[in-house]
Structure formats: C-alpha cells, structure tokens
Number of protein chains: 2
Amino acid sequence: MSRQDAPPIYLDHAATTPVDPEVFATMKPYFTEHYGNPASIHTVGQKAIIAVDEAREQVADFLGCKTGEIIFTSGATESNNFVLKGVLAAAKIQKPHIITSTIEHPCILDTCQHLEKRGVEVTYLPVDKEGVLNTKSVQEAIKENTVLVTIIYANNEIGTIQPIAEIGEIIKKANQERKNKIIFHTDAVQAIQYLDCNVKKLGVDLLSLSGHKFYGPKGVGVLFVKEGTLIEKIQHGGHQEYNKRAGTLNVPGIVGLGKATELTSKNRVADSKKQQKLRDLLINSILKNIPDSHLNGSNKHRLPNNANIRFDKIEGESIMLHLDFEGIAVSTGSACTSGTLEPSHVLLAIGVAKEQAHGSIRFTLGKDTSEADIKKVLEVLPPIVKKLRQMSPLK
Amino acid sequence: MSRQDAPPIYLDHAATTPVDPEVFATMKPYFTEHYGNPASIHTVGQKAIIAVDEAREQVADFLGCKTGEIIFTSGATESNNFVLKGVLAAAKIQKPHIITSTIEHPCILDTCQHLEKRGVEVTYLPVDKEGVLNTKSVQEAIKENTVLVTIIYANNEIGTIQPIAEIGEIIKKANQERKNKIIFHTDAVQAIQYLDCNVKKLGVDLLSLSGHKFYGPKGVGVLFVKEGTLIEKIQHGGHQEYNKRAGTLNVPGIVGLGKATELTSKNRVADSKKQQKLRDLLINSILKNIPDSHLNGSNKHRLPNNANIRFDKIEGESIMLHLDFEGIAVSTGSACTSGTLEPSHVLLAIGVAKEQAHGSIRFTLGKDTSEADIKKVLEVLPPIVKKLRQMSPLK
C-alpha cells in the first residue's frame, strides 16, 4: 500500500473530526426519507420536528438546561457572532463595553475588532505564560458600561483551560450590585469532549458549540441562551428557534449534533483518560528526544488531547508538510487562520517570540488515536526535524 | 398498509424537497471518510477543498459566472440577510434607500423592517392582482440615495414570476448616469428548478439560492456576488470564502448543493414540462369540480409546479389537515410563516380579502409527482371541501 492509500494518522482533531458512524447512521434517514421542513404542519413536517425536538433534549440534557434555551445555528462562528452582535443590539446603553481575552478564537476577535470600529469599547485581557487568565483581571476590568464578558473555555491552539466557573462566580457577585447585568458567554467548542459543560456549574448565560468538533457534522452549531438573557436575533426572517434565529432548520445536521452530545456524554471520561495518556507519551518523548523543543502552554490546565510544541530554528509549516508526506496530519495552528502568514496571536500572547511562533506544531488527538499512531510520529519526527535544521537558513 | 405507513403524496416542494439519492450518494463520503477541514493544508484537508472547488464550479457553471463569485452560506435566509445588511454596511451614504416588493420572502421583509428601525428608507413596491410587479414602478422608485433593489424571482406562495431581466436592464440604464451605483439582487430560491438563472442574462449583481429547495441538503445556500460589488461580510471570523463569510465550510452540504445544480441543469426543461402538465390538470379539475374555488396569482407568469387555490368560506388549515389524514401533504402558505395566525402577506398584496386569504391551499409539485398522485387529490379533495363547508360557521 502506497502512502497515499494508507489511512492517515489524523492528529488534527481540533480542526475537525470525522462524523462518528453511529452519528451518521442516526442522521441518514433525514436526508432522503424523513425530509420534511419542521415548520410544516403536516405529517411529513411533524416527523422532522419530532427529530429536532429529540436532538434539542439531548443537547439540553448535556448542558443541564431547558430545551427552550437551545438555539441551533450553522456553527460556532455564527453562534459567536450572534453573541457579540446580539447582546450589543439588545444593550440599552450608549457606549457598551465588552471584556474578552487575547487568546480567543478569530471569530470572537475579528467580530470585536469590527465592533470597535462602530464605537464599542473592548478590553482584551492578557494571559500568563501558560495561557491562563487571571480571574482577578476580569474583576478589575468590569466597568459601569460592561455588558458582556466572553472567554473561551479551552483554547483551540494550545488547549489551555480557563477557570470559567470562577469567572462565573465573579460576574454573579458583580451583578448583585448592578442594575445593568453583565452577560457571561463561553466558547466551549474545544472543551465539549473533555470538560464538564453544565451551564449552571459554569455560571454562564450563553455558551457556543460546533457539531464538527465532537464527531458531529459540519454546518451545525448551538447557542445556549439562558432564559431571560437580553439578546436580539441577528438572522432575520421566519419565526424559527423561538423567534431567535430565522431559517429552515438543518434537520439531519441537528439530529447528528444531538446524537454526538449523547455519545460524548457517555464516553467523555474514558476517552479523556485514554487520550491524555497517549498525549503525555507524545509530549514527553518529543521533549526528551528532540533537542530545542518546548511545550507551548500549560502542563496542568490543558485539554487532554492537545500537544503544541515549538521547535527552535525551523518552520512549523515545513515540519507539517513532511509529516503529511508520511501520512500524518497535524497543523501549525488554527485552521481558521491558515492561509495567513501572520504568527499565531495565541503564541504571541503567551510570550513566544515572533520567529519562534512560526516553529510550532499542534498535535490534537482523537478518540480513535492509537499508541501505534503516536509511536509512528515519534519514529518519523526526529529525523524530519534534524534534516530541516540542517537545511534551515535560521540556524 | 395503513395510511400512516403509506408513502405520502408530497405536494409541498416549495417548503422543502427530499435530497435526491444521487446527490446523497455524492455527499456521503464527506461525512466519515473525507472529513477534513478545507482550511487545513495537509492531505486530509486538501481532499475536502478539492470537493468544495468542484461544487463551486458546478454552481458557477449553472449561474454562468466565475467560481470566485460564489459564496457558500448556511441557506437562503443567511444569503438574504447578507445582501441587505452587507450592502448597507458597505454603502457610504447617510440615509440609504432600498427598493423591494410587498411579496418578498419573510427573510427579506423582516430584515427590511429591522433596518427601517435603524434609519434605512425602504420602498415596498405593490404588485398587480396576479402578483406581477410593474417594471415602471421600479424605475419611478429609484432615488438619489437608492443603494439596492431586491426582487424575488418567483414567489414562494403563489409562484408568480417577476420580470427580473427587464428590471436588470432598467437598473443598468439608471447606473450609467449615476455615481453611486444601484446594486441589484434577486432571491432565486424557488426559481432555480424551472427558470433560467444565468446571472448575466438576468443582469443581477447578487443572487440567493438554498440547497434544500432543489433536491440538495438543508443547511447550505449560495450567494452569488458579482466581482466588484460593494458588500461587507456579516459573519466575522476566519478568512474563508474569499474573506467574505467566516466559518468552517459545510463540506458535505456544499458537495450536495453542487451536485444538485448539475442535476437541475440537466433535467430542468423536461421536469418543468412534466410538472406543468400535471399542475394544469390539478388546477383545471379543481376549478371545474369544486364550486367557489379560485386560482390565486397568475396563469401565465407562474412557476410550472405551483397551484395556489382559494376555497370560499372554509379554513385552509382544515383542508390541509384533512388532506394530511389522507396521506397528502400540502400547505396553507409559506412554511416560514407557519405558526402565525396572520393572513398571508402575499395574498393580501394581490388583493385577496383577509377572510378569504385564510381559505387558501398551496400545492407544489415535484419531479417525482405522478398522475396517480394528482388523481388521488382530485378524488379526495371535493368531499373534504363539501364536508367542511357544511360544518363551517363562515357559510
């Protein structure tokens, strides 16, 4: 079997995951057989709405909320745009203020920058060298005109986990003394597979998910909207989704996302343990066997599937392409920012120098990653790094 | 076989269509097998981007435009929101003016009403008794501050076809003498299966499509954006879709939509002819055999699959439910406005009285509709109408 035919060793699960076969089997009848529009009142439509209702229950069970608090969207980018623009549209103050961090996903940061041009005030909180936010800095950043705090639960590049529940407590306390309540949002896209996403424990008013990051389909996401949260819809039209998001529901996608939450709920603890063990093998062996390699981010506050490693004096993209030739798929950072030559804003935020940021590789394991996969990486990576360093103009 | 098990006679294709088995077969590998994120540079990602590129070519071929002019969205509601909000965001004048019609889809009308609250001026052009727009009225409505004209190609409730190419000519002429060019958009969601959608012939700058209205999947749509058109993105984040629409691409959905345009292109003429013949049988037989029944909309300027019929002195919803019990799926109007008790804005716009608007049924045929299906409707409908009239408090 030539390399091209071999099933790849896929270590880019933070970019996207395959649809789980069980998820796909659940979605399948809703394409050609039960194809109704859930807004239709006849039997064909009702079969679709029953399926959507079941998915809504699965997601609500997973998040520990009511079904009426689940809004299905086209993905986390839409959910996060909805949060920022929707909360601001509903805010009744003149120059509203948003608190976020320097290591958010591009769909939060780009939207914030867009809003800044329209007169919104944004505070970008710094993180420490491990990528962790100081909760005190959130408290200190709160102002009279603060309407929203949005912090990513676990970072997509370096896997750093933020103390969301602690921030939730801070905001809860602050709100006791305020008339204009601060709304708290977290982007849980990367966290969902590994961390507790119970919205009550986290103390969040809004939470974003994306189907394709946890073995569900692409093109479907969720925004949890706590009952009573002041947010205006941003996609106008029909009365779908409790009149909060117009547009025909993506029934097969929603059914798949629902099933994926159910499977995640069942397998999370065991999967996390398994992946963390393999991930630790990967990190420890690389740091031990490849000179001038460093772990980006935190050891302790880290998603169990994430290894982001910096190799001095070579380009991450070259490593990535060489690994790809060996049938190993990894990335140099967020898929959403690929195509740009800018160094990762996340790595810069944790204090990595510009020239070093370019030498980083993100490995993100998945539920089907095996020890053999990791051993293959550990076998082919050292000679690749060695060869590239010999060729490097940076050395 | 009991009624519940019988395959339904589905005559609600304007609400949604089943995914064509050939379309589904084309999409299938992109869920579990070629699951890459098209933004990823490795081989797994490249397989996804190749598939997206092919779909983009299929759509561009269909519309007669360049691949770089095709933006994939989550559906027509997003595309139409994008048009209105994106053109306004890019417009550099103080109180911009939009021209539209009274019989647009709710996602245009609701967005226009939202924008009016924010100081945008909107002209809603009336239509005649058949639902046709007078092209002169477009010409007369154009003002110094007009930035956008948006007219639905074929109406979703009564199937009336608008003279889009003529309006395109009017705007082209008007633009020759203007500095701030007027942008012309059409919502071609219902038209795509039956009418020529060549964007050059239509003279449009923007055109919206939805996958699930022509045997493609739900959750995916298109916005054609003519090169050079001044429009700002409304979904911020990554650099996807030529930096015009952020968010991970819905690869299987896009692949399915691409295939669906290819099939539509191949079958359109024959399908239209077949459906029109059956549709005429339906209309003529109903009007002949059921007293006090009337066709809503135009005979001549009408989609070949649409029959919208008004029955005096009974509720459309009652007819619909009785037909559903007989295994026949029809609707009382747009699926997007179901759940409201308001009479159809389209029927009111063509001069139907409020109490009569409630007595209308929309039958929309599809490619698999058979003569037996129509004969079954013609067999069960007259006694239903008779029975309901006997019970009616309106008689």
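Residues numbered from 1 in each chain as written. Chains lettered and ligands numbered in written order. Predicted model: local features only at pLDDT ≥ 70, side-chain atom pairs only at ≥ 80, totals over all residues. Heavy atoms only, no water.

1. Digging into the relation of the copies chain B and chain A
Part 1: Mapping chain B onto chain A calls for a screw motion: a turn of 180 degrees about the axis and a shift of 0.0 Å along it, with 0.0 Å RMSD after fitting. The transformation just described matches what one would write down for a two-fold rotation axis.
Part 2: Comparing contact sets, 100% of the residues at the interface of chain B also lie at the interface in chain A, consistent with an isologous, same-surface contact. (Least-squares fit on C-alpha atoms with pLDDT ≥ 70 in both. Contact = heavy atoms within 4.5 Å.)

2. Regarding the domain arrangement of chain A
How big an interface is tends to be stated in terms of accessible area lost as the parts join.
All names here are of chain A.
Part 1: Taken domain by domain, chain A consists of domain 1 (9-18 + 268-391) and domain 2 (21-263).
Part 2: For domain 1 and domain 2, the distance between their C-alpha centroids amounts to 28 Å.
Part 3: In this complex, domain 1 contributes 34 residues to the contact, which on the side of domain 2 involves 35 residues.
Part 4: Roughly 2800 Å² is buried in total at the junction of domain 1 and domain 2, and carbon and sulfur atoms are behind 54% of that figure.
Part 5: Taken together, the links from domain 1 to domain 2 amount to 0 salt bridges. (Domains from an automatic or database assignment. Buried area = accessible area lost by both parts, 1.4 Å probe. Salt bridge = Lys/Arg side-chain N within 4 Å of Asp/Glu carboxyl O.)

3. Some points on the environment of Gly119 of chain A
Part 1: Checked against the element boundaries, Gly119 of chain A lands in the loop between α5 (106-117) and β4 (121-125).
Part 2: Measuring from C-alpha to C-alpha, the distance between Gly119 of chain A and Lys95 of chain A comes to 6.7 Å, with 24 residues separating the pair along the chain. (Helix = DSSP H or I, 4+ residues; strand = E, 2+ residues; numbered from the N terminus.)

4. Topic: the interface of chain B and chain A
Part 1: Taken together, the contact pairs 66 residues of chain B with 66 residues of chain A.
Part 2: The junction of chain B with chain A conceals about 5200 Å² of combined surface from both sides, 59% of it contributed by carbon and sulfur atoms.
Part 3: Ranking the residues of chain B by area buried against chain A places Tyr35, Lys218 and His236 of chain B at the top, with a combined share of 14%.
Part 4: One can count 4 salt bridges joining chain B with chain A.
Part 5: The partner of Arg118 of chain A in a salt bridge is Glu232 of chain B, with the nearest N and O atoms 3.7 Å apart.
Part 6: At the junction of chain B with chain A, the criterion picks out 25 residue pairs in polar contact (both at pLDDT 80 or more).
Part 7: Elements with a minimum of two residues in the side of chain B that touches chain A: α1 (21-27), α2 (29-32), α3 (43-63), α4 (76-90), α5 (106-117) and α11 (316-325) of chain B. (Polar contact = N/O pair within 3.5 Å; in protein donor to acceptor, adjacent residues only side chain to side chain.)

5. Notes on the pattern of salt bridges
Residue and element names in this part refer to chain B.
Part 1: Using the criterion set out here, one finds 30 salt bridges over all chains in the structure.
Part 2: Linking Glu121 and Lys143 is a salt bridge whose minimum nitrogen-to-oxygen distance equals 2.1 Å. Of this pair, Glu121 sits in strand β4 (residues 121-125) while Lys143 is found in the loop between α6 (135-141) and β5 (146-152), placing the two residues 22 residues apart along the sequence.
Part 3: A residue is classified by how much of its surface remains accessible, and Lys143, at 33% relative accessible area, is partly exposed.
Part 4: The residue Asp280 makes a salt bridge to Arg279 at a minimum N-O spacing of 3.0 Å.
Part 5: Residue class for Asp280 comes out partly exposed when judged on its relative accessible area of 27%.
Part 6: Overall, the relative accessible area of 2% leaves Arg279 in the buried class. (Buried < 20%, exposed > 50% of the residue type's maximum accessible area, 1.4 Å probe, protein only.)

6. Comments concerning a negative patch on the surface
Part 1: Together, Asp53, Glu54, Glu57 and Asp61 of chain A make up a region of like negative charge exposed at the surface.
Part 2: Considering the arrangement of structural elements, one finds Asp61 of chain A in helix α3 (residues 43-63). (Patch = residues over 30% accessible without salt bridge, like charges linked within 9 Å, V, L, I, M, F, W, Y side chains within 5 Å. Areas by Shrake-Rupley, 256 points an atom, 1.4 Å probe, with all protein chains shown as cover. Lys, Arg positive; Asp, Glu negative; His and termini not counted. Charge placed at Lys NZ, Arg CZ, Asp CG, Glu CD.)

7. What about the packing of aromatic side chains?
Part 1: Applying the stated rule across the entire model yields 6 aromatic pairs over all chains.
Part 2: Centre to centre, the rings of Phe31 of chain A and Phe24 of chain B are 5.0 Å apart; their planes meet at 35 degrees, and the pair counts as tilted. Residue Phe31 of chain A is located in helix α2 (residues 29-32), and its partner Phe24 of chain B is located in helix α1; the two belong to separate chains.
Part 3: Summarising the aromatic geometry, the rings of Phe31 of chain A and Phe31 of chain B are spaced 5.7 Å apart at their centres and angled 55 degrees between planes, so their arrangement reads as tilted. With Phe31 of chain A in helix α2 and Phe31 of chain B in helix α2, this residue pair bridges two chains. For the pair formed by Phe31 of chain A and Phe31 of chain B, the shared burial category is buried. (Phe/Tyr/Trp six-rings, centres within 6.5 Å; stacked < 30°, edge-to-face > 60°.)

8. So, the sheet that holds strand β10 (residues 306-311) of chain B
All names here are of chain B.
Part 1: Read across the sheet, 3 strands follow the order β9-β10-β12 without closing on themselves; strand pairing throughout is antiparallel. Edge positions in the sheet fall to β9 (293-295) and β12 (360-364), since each of these pairs with one other strand and no more. Along the sheet, successive strands turn relative to each other by an average axial angle of 25 degrees, direction set aside.
Part 2: For β10 and β12, the ladder comprises 5 bridges, and the chain directions are antiparallel. (Pairing = 2+ DSSP bridges. Axes fitted to C-alpha atoms, helices over the stretch in contact; angles between N-to-C directions.)

9. Brief notes about helix α10 (residues 251-289) of chain A
Part 1: Its 39 residues give α10 of chain A an end-to-end C-alpha distance of only 49 Å, which falls more than 12% under 57 Å, the value for a rise of 1.5 Å per residue.
Part 2: Along α10 of chain A, the sharpest kink reaches roughly 60 degrees, centred on Asn267 of chain A. (Expected span 1.5 Å × (residues − 1). Bend = angle between axes of the 7 residues up to and from the residue.)

10. Some words on the state of the cysteines
Part 1: Counted by the stated rule, this structure contains 0 disulfides over all chains.
Part 2: Of all cysteine sulfurs, the one in Cys107 of chain A lies closest to Cys112 of chain A, which takes part in no disulfide; the gap is 9.9 Å. (Disulfide = S-S within 2.5 Å.)

11. Section: the nonpolar core
Most often, soluble globular proteins keep nonpolar side chains buried together rather than apart.
Part 1: Of all hydrophobic cores here, the largest spans 131 residues; its most connected members are Leu63 of chain A together with Leu63 of chain B.
Part 2: Beyond its immediate stretch of four places on either side in the chain, Leu63 of chain A contacts Ile70, Cys197, Asn198, Val199, Leu207, Leu209 and Phe224 of chain A. (Core = buried A, V, L, I, M, F, W, Y, C linked by side-chain atoms within 4.5 Å.)

12. What to know about empty space enclosed by the protein
Summary: where empty space remains is shown by rolling a probe the size of a single water molecule over the atoms.
Part 1: What the rule picks out here adds up to 10 cavities of 30 Å³ or more.
Part 2: Here the largest cavity is characterised by a volume of approximately 320 Å³.
Part 3: Lining the largest cavity we find 33 residues, and of these Gly247 and Thr248 of chain A together with Ala76, Thr77 and His212 of chain B sit closest to its centre.
Part 4: Broken down by secondary-structure element, the contributors of at least two residues to the lining of the largest cavity are β2 (70-73) of chain A together with α4 of chain B.
Part 5: Looking at the lining of the largest cavity, its residues break down into 11 nonpolar, 17 polar and 5 charged.
Part 6: Estimated volume of the second largest cavity: approximately 230 Å³. (1 Å grid on protein atoms, 1.4 Å probe; cavity = no way out; pocket = protein on both sides within 12 Å on 5 of 7 lines; lining within 4 Å. Points joined across faces, edges and corners; volume = space filled by probe spheres on them. Nonpolar A, V, L, I, M, F, W, Y, C, P; charged D, E, K, R; others polar.)

13. Concerning the sheet that holds strand β10 (residues 306-311) of chain A
Residues and elements named next belong to chain A.
Part 1: Read from one edge to the other, the open sheet built from 3 strands follows the order β9-β10-β12, with strand pairing classed as antiparallel. Edge positions in the sheet fall to β9 (293-295) and β12 (360-364), since each of these pairs with one other strand and no more. Strand after strand, the sheet turns through a mean of 25 degrees between neighbouring axes, direction not considered.
Part 2: Strand contacts of helix α11 (residues 316-325): β10 and β12, with the helix running at about 45 degrees to β12, the strand carrying the most contacts.

14. A few points about the side chain of Thr111 of chain A
Part 1: Take Thr111 of chain A: it is sitting in helix α5.
Part 2: On the basis of relative accessible area, Thr111 of chain A is assigned to the buried category, the value being 0%.
Part 3: Once residues within four sequence positions are removed from consideration, Thr111 of chain A is found in contact with Asn81, Leu84, Lys85 and Pro106 of chain A together with His236 of chain B.

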